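# Working through the structure, step by step
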Amino acid sequence: MKSLMVGIAIALAGATAAQATDAGNDQSFVTQVGQGGAAEVELGKTAQMQGMRDAVKQFGKQMVTDHTAAGEALARAAKADGLTVPAAPSASQKATGDQMKAMKGTAFDDAYATAMVKDHKETIALFETEATSGQSANVKAFAEKTLPTLRAHLKMAEGLSASK
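The paragraphs below set out a description of the structure included in this document. Everything quoted here is computed from the prediction, not taken from an experiment.

## Digging into the overall build of the chain
What the chain contains, in helices and strands, is seven helices and zero strands. Each helix (α) and strand (β) of the chain, taken in turn from the N terminus, gives the series α-α-α-α-α-α-α. Going through the 164 residues of the chain one by one, you find that 46% of them count as buried. Considering only contacts within the chain whose residues lie at least 6 apart along the sequence, 80% involve residues at least 24 apart. For the chain, the exposed surface amounts to about 7,700 Å²; the carbon and sulfur share of it is 57%.

Shown next as structure tokens:
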């Protein structure tokens, strides 16, 4: 079970900060963030329906709200810089979401909490890299502006993990 949760967390993240740095461009960041945000929204909806604990359902609702807004902000920033945002999760993220949908009760809650901590740690690293090294002004500003929200999400996710 623990290896499944770790595998889900890794797949949800989509890419690590090191991968983004290796790719070395803003389009890679936009693609990864667009896909990851879409995956967060879909999984947040699943958490609202399948979460057993109220804290998990509320966190899922917050993810839908915040990642939808971030996706819209990313789309504006990317368009202004001539970049393209994907509208859906990657195939592997979709498969991971499907695995999560098959889980029920505390198994879902535990896997979701674990995945959200890992995902947000990796996402923060990705955004920090873009905020310091990005070349597209609007996308870089988006990364800088979004970091505090992502850090707040990480604290909330860590609270979910701690309150199991």
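## Observations regarding the side chain of Q32
By the secondary structure assignment, Q32 is in helix 3 (residues 26–50). Judged by relative accessible area, Q32 falls into the buried class, the value being 14%.

## A look at the packing of aromatic side chains
Tallying each qualifying case throughout the model produces four aromatic pairs. Consider the rings of F108 and Y112, whose centres lie 5.6 Å apart with planes at 10°: the pair is stacked. Placement of both F108 and Y112 in helix 6 (residues 105–133) is noted, with a separation of four residues, approximately one turn of the helix. Classification of F108 by relative accessible area gives buried; the value is 0%. Classification of Y112 as buried rests on a relative accessible area of 0%. For the ring pair F127 and F142, a centre distance of 5.7 Å and an interplane angle of 50° mean the geometry is tilted. Residue F127 is located in helix 6, and its partner F142 is located in helix 7 (residues 137–162); the two are separated by 15 residues in the primary sequence.

## Here's the deal with helix 4 (residues 54–80)
What sets the pattern is the α-helix's 3.6 residues per turn: residues three or four places apart point alike. The first and last C-alpha atoms of helix 4 sit 39 Å apart over 27 residues, in line with the 39 Å expected at 1.5 Å per residue. Taken together, the buried positions of helix 4 are occupied by V56, F59, G60, M63, V64, H67, A70, L74, A77 and A78. Looking at the buried residues of helix 4, the elements they touch are helix 3, helix 6 and helix 7. Two residues or fewer past helix 4, G82 is found with a positive phi of approximately 75°.

## With respect to the packing of helix 3 against helix 7
At their nearest, the axes of helix 3 and helix 7 sit 11 Å apart, and the two run at 45° to each other. As judged from the angle between their axes, helix 3 and helix 7 are oblique. Here the hand of the crossing between helix 3 and helix 7 comes out left-handed. Residues F29, V30 and V33 of helix 3 lie in contact with helix 7, whose contacting residues are V139, F142 and A143. Looking at the contact of helix 3 with helix 7 residue by residue, the class counts come to six nonpolar, no polar and no charged.

## Here's the deal with the nonpolar core
Counting residues in hydrophobic clusters, the biggest one holds 34 residues, and the most contacted among them are F29, F108, Y112, F127 and F142. Elements with a minimum of two residues in this core: helix 3, helix 4, helix 6 and helix 7. The leading source of residues in this core is helix 6, at 11 residues. With residues near it in sequence (within four places) discarded, F127 still touches F29, V33, F142, A143, T146, L147 and L150.

Cut-offs used in this document
- Residues numbered from 1 in each chain as written.
- Predicted model: local features only at pLDDT ≥ 70, side-chain atom pairs only at ≥ 80, totals over all residues.
- Heavy atoms only, no water.
- Helix = DSSP H or I, 4+ residues; strand = E, 2+ residues; numbered from the N terminus.
- Buried < 20%, exposed > 50% of the residue type's maximum accessible area, 1.4 Å probe, protein only.
- Contact = heavy atoms within 4.5 Å.
- Areas by Shrake-Rupley, 256 points an atom, 1.4 Å probe, with all protein chains shown as cover.
- Phe/Tyr/Trp six-rings, centres within 6.5 Å; stacked < 30°, edge-to-face > 60°.
- Expected span 1.5 Å × (residues − 1).
- Axes fitted to C-alpha atoms, helices over the stretch in contact; angles between N-to-C directions.
- Parallel < 35°, antiparallel > 145°, perpendicular 65-115°, else oblique.
- Left-handed = near helix turned anticlockwise from the far one by under 90°.
- Nonpolar A, V, L, I, M, F, W, Y, C, P; charged D, E, K, R; others polar.
- Core = buried A, V, L, I, M, F, W, Y, C linked by side-chain atoms within 4.5 Å.

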